[in-house]
Amino acid sequence: MSDSPTRSDFDRYMAPNYAPQQVIPTRGKGSRLWDQAGNEYIDFAGGIAVNALGHCHPVLVEALETQANTLWHLSNVYTNEPALRLAKCLVERTFADKAFMCSSGGEANEAALKLARRYAHDHYGAQKDKIISFHQSFHGRTLFTVSVGGQPKYSQGFGPIPGGIFHAEFNNLDSVRELVGDDTCAIIVEPMQGEGGIVPADPGFLAGLRELCDQYQALLIFDEVQTGVGRSGSLYAYMEYGITPDILTSAKALGGGFPVGAMLATDDVMASFSVGTHGSTYGGNALASAVALAAVEYIDTPEVLAGVKQRHDLFREHLEAINRQYGVFQTIRGMGLLIGASMSPAYEGRAKDILPLAIDEGLMALIAGPNVLRMAPSLVIPEADIHEGMARLEQAIARFVAET
Ligand SMILES: *Cc1c(COP(=O)(O)O)cnc(C)c1O
């Protein structure tokens, strides 16, 4: 025990760009976690919308173990069977004709944005380079994706940042009309803003973006890194809206905890990624692809997706009951198992203060910005764990209110 790492080792040895909670979870099973001291937690955080099947799901463990004893990595000098199976699976289940594989959401968006620029360059010329994104959006942490993202705090101090990027107001089509034109190559949007506070797009807004993109020959990119792979109650949230993008990015839940990302597009668009234009050493890694294939095949079934919607209702009922008693929330919103509760005016900006109290009560949760308590649990979290987790949340909220 004496040589077990401690939380102070974080401060001693790791880059100070995170501020992790004090406890160190060491083991997980389903929607339960245990820390170094053996304390047990219910997991409503899901590794930030990543652990879509909870911890150590037998289907994913089996896929990983089998592949681990077969072949790990080849690079893209060769292709490999798991990557080919995963690409075929994603293409057959979505609007897309082709997939580009990578290892994270930021890389998937980097690829999508580069592809949109390259496509416009190939078909219309270099002057068509303008990218429209939205305030409060989040698309990753590479320099291009923080610049496209709509939260200036993530790009401040890293300049000069790439040019040709403009930000409109989410759910405000007029603000897009003011920016869009013949020089627009792409509009990138999250069907539901995740990091920006769990804000679903209005259906008319996404339909309007689709029309504007068609009118100006611009590509519509849906960033489904957080909303994808069953999270919304459909395989991808675009299916809930019935509005189809030209490019879609996926990561987080795609590997259920194994790092993997994908950028999907139509044949016409993906043709601009000709040999040598883009790449990634780990893209299509055999271990990652094998796990992602197992995750998608398990999640994209009527039973699992219907279960997501049932669980959404259960989460909402519990949160509303808590709110009737304590009045801490302004709105409870979201889709499927990506749920946000914004704080009422009396508790403005204080969502973060609930997290350590929740941990103390045995519950892992998240925030999305300073004012929204966020939940992104396993898509197959047992109902008993939802009830127990909500009982613990209620204890935490009772203390939060009492301490205020
Ligand atoms: C998390 C997230 C990303 C970034 O993904 P990484 O895997 O951290 O690079 C991009 N877009 C959205 C919408 C996200 O939620």
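Residues numbered from 1 in each chain as written. Predicted model: local features only at pLDDT ≥ 70, side-chain atom pairs only at ≥ 80, totals over all residues. Heavy atoms only, no water.

**Digging into the sheet that holds strand S16 (residues 366-367)**
- Taking strand neighbours across the sheet as the criterion, the 4 strands line up as S13-S14-S17-S16 in an open arrangement whose pairing is antiparallel. Since the sheet does not close on itself, it has two edges, and those belong to strand S13 (329-335) and S16, each with one partner.
- Pairing between S16 and strand S17 (residues 372-375): 2 bridges, direction antiparallel. Note that in S17 the partner of isoleucine 367 across the bridge is leucine 373. (Pairing = 2+ DSSP bridges. Helix = DSSP H or I, 4+ residues; strand = E, 2+ residues; numbered from the N terminus.)

**Notes on the sheet that holds strand S15 (residues 363-364)**
- Judged by pairing direction, the sheet is mixed, and its 4 strands sit side by side in the order S1-S2-S3-S15 without closing on themselves. The open sheet has two edge strands, strand S1 (25-29) and S15, and neither has a second partner.
- In this structure, strand S3 (residues 40-43) lies alongside S15, joined through 2 bridges in parallel fashion. Looking at the pairing, aspartate 43 lines up with methionine 364 of S15.

**Side note on the domain arrangement of the protein chain**
- Domain boundaries in the protein chain define domain 1 (7-57 + 302-403) and domain 2 (71-299).
- Taken together, the 27 residues of domain 1 in the interface contact 26 residues of domain 2.
- Taken over both partners, the interface formed by domain 1 and domain 2 buries close to 2200 Å², and the fraction arising from carbon and sulfur atoms is 65%.
- Looking at the side of domain 1 facing domain 2, the largest losses of area belong to Leu305, Met335 and Leu338, adding up to 29% of the total buried there.
- Remark: the boundary between domain 1 and domain 2 carries 2 salt bridges.
- Here arginine 374 makes a salt bridge to glutamate 195, at a shortest N to O gap of 2.9 Å.
- In this assembly, domain 1 and domain 2 are joined by 9 residue pairs in polar contact (both at pLDDT 80 or more).
- Secondary-structure elements contributing two or more residues to the side of domain 1 that touches domain 2 are helix H2 (46-49), helix H12 (302-326), S13, strand S14 (338-343) and S17.
- A per-class count over the side of domain 1 that touches domain 2 returns 18 nonpolar, 6 polar and 3 charged. (Domains from an automatic or database assignment. Contact = heavy atoms within 4.5 Å. Buried area = accessible area lost by both parts, 1.4 Å probe. Salt bridge = Lys/Arg side-chain N within 4 Å of Asp/Glu carboxyl O. Polar contact = N/O pair within 3.5 Å; in protein donor to acceptor, adjacent residues only side chain to side chain. Nonpolar A, V, L, I, M, F, W, Y, C, P; charged D, E, K, R; others polar.)

**Describing helix H14 (residues 383-403)**
- Across its 21 residues, H14 extends 30 Å between first and last C-alpha, which sits within 8% of the 30 Å expected from 1.5 Å per residue.
- Burial in H14 covers these residues: Asp385, Ile386, Gly389, Met390, Arg392, Leu393, Ala396, Ile397 and Phe400. Angular distribution of buried residues about the axis of H14 spans 165°; they occupy a single face of the element. (Expected span 1.5 Å × (residues − 1). Buried < 20%, exposed > 50% of the residue type's maximum accessible area, 1.4 Å probe, protein only. Arc of directions from axis to C-beta.)

**Focus on the nonpolar core**
- With 99 residues, the main nonpolar core has Phe205, Leu209 and Phe329 as its most contacted residues.
- For this core, the element with the highest residue contribution is helix H11 (residues 286-299), accounting for 8 residues.
- Looking at this core, you find at least three residues from each of domain 1 (7-57 + 302-403) and domain 2 (71-299).
- Setting aside anything within four residues of it in sequence, one finds phenylalanine 205 in contact with Phe134, Glu169, Phe170, Asn171, Asn172, Leu173, Val176 and Val189.
- Counting 25 residues, the second-largest nonpolar core is a separate cluster that includes Cys102, Ala112, Leu219 and Ile247. (Core = buried A, V, L, I, M, F, W, Y, C linked by side-chain atoms within 4.5 Å.)

**Focus: the site of the ligand**
- Looking at the ligand, the residues that line it are Ser104, Gly105, Gly106, Asn109, Phe138, His139, Gly140, Glu190, Asp223, Val225, Gln226 and Lys252.
- Here glycine 105 contributes a backbone N or O atom positioned 2.8 Å from an oxygen atom of the ligand.
- Note that an oxygen atom of the ligand is positioned 2.7 Å from one of the side-chain N or O atoms of glutamine 226.
- Summarising the interface, the protein chains cover 81% of the accessible area of the ligand, which totals 390 Å² for the free molecule.
- Broken down by element, the residue count for the shell around the ligand peaks at 3 residues, all from helix H5 (residues 105-123).
- Its residues assigned to classes, the shell around the ligand comprises 2 nonpolar, 7 polar and 3 charged. (Near = heavy atom within 4 Å. Areas by Shrake-Rupley, 256 points an atom, 1.4 Å probe, with all protein chains shown as cover.)

**Concerning the UniProt feature "modified residue: N6-(pyridoxal phosphate)lysine" (unreviewed entry) in the protein chain**
- Residues annotated by UniProt as "modified residue: N6-(pyridoxal phosphate)lysine" (unreviewed entry) correspond here to Lys252.
- With respect to the helices and strands, the residue lysine 252 is situated in the loop between strand S11 (247-250) and strand S12 (261-265).
- Non-local contacts of lysine 252, meaning those with residues more than four positions away in its chain, are made with Ile48, Ala49, Val50, Glu195, Val225, Gln226 and Val260. (UniProt positions renumbered as here; feature names shortened; annotations may be inferred.)

**Some words on the pairing of strand S5 (residues 130-134)**
- The element S5 is largely enclosed, with a buried count of 5 among its 5 residues.
- Neither face of S5 is exposed, since Lys130, Ile132 and Phe134 on one face and Ile131 and Ser133 on the opposite face are all buried.
- In terms of strand pairing, S5 meets strand S7 (residues 184-189) through 3 bridges, oriented parallel. Looking at the pairing, isoleucine 132 lines up with isoleucine 187 of S7.

**Concerning a nonpolar patch on the surface**
- A grouping of Leu71, Leu74, Val77 and Tyr78 is seen on the molecular surface, where their side chains present a nonpolar patch of about 380 Å² in accessible area.
- Looking at the secondary structure, you find leucine 74 in the loop between helix H3 (58-68) and helix H4 (81-93).
- Given the relative accessible area of 31%, leucine 74 is considered partly exposed. (Patch = residues over 30% accessible without salt bridge, like charges linked within 9 Å, V, L, I, M, F, W, Y side chains within 5 Å.)

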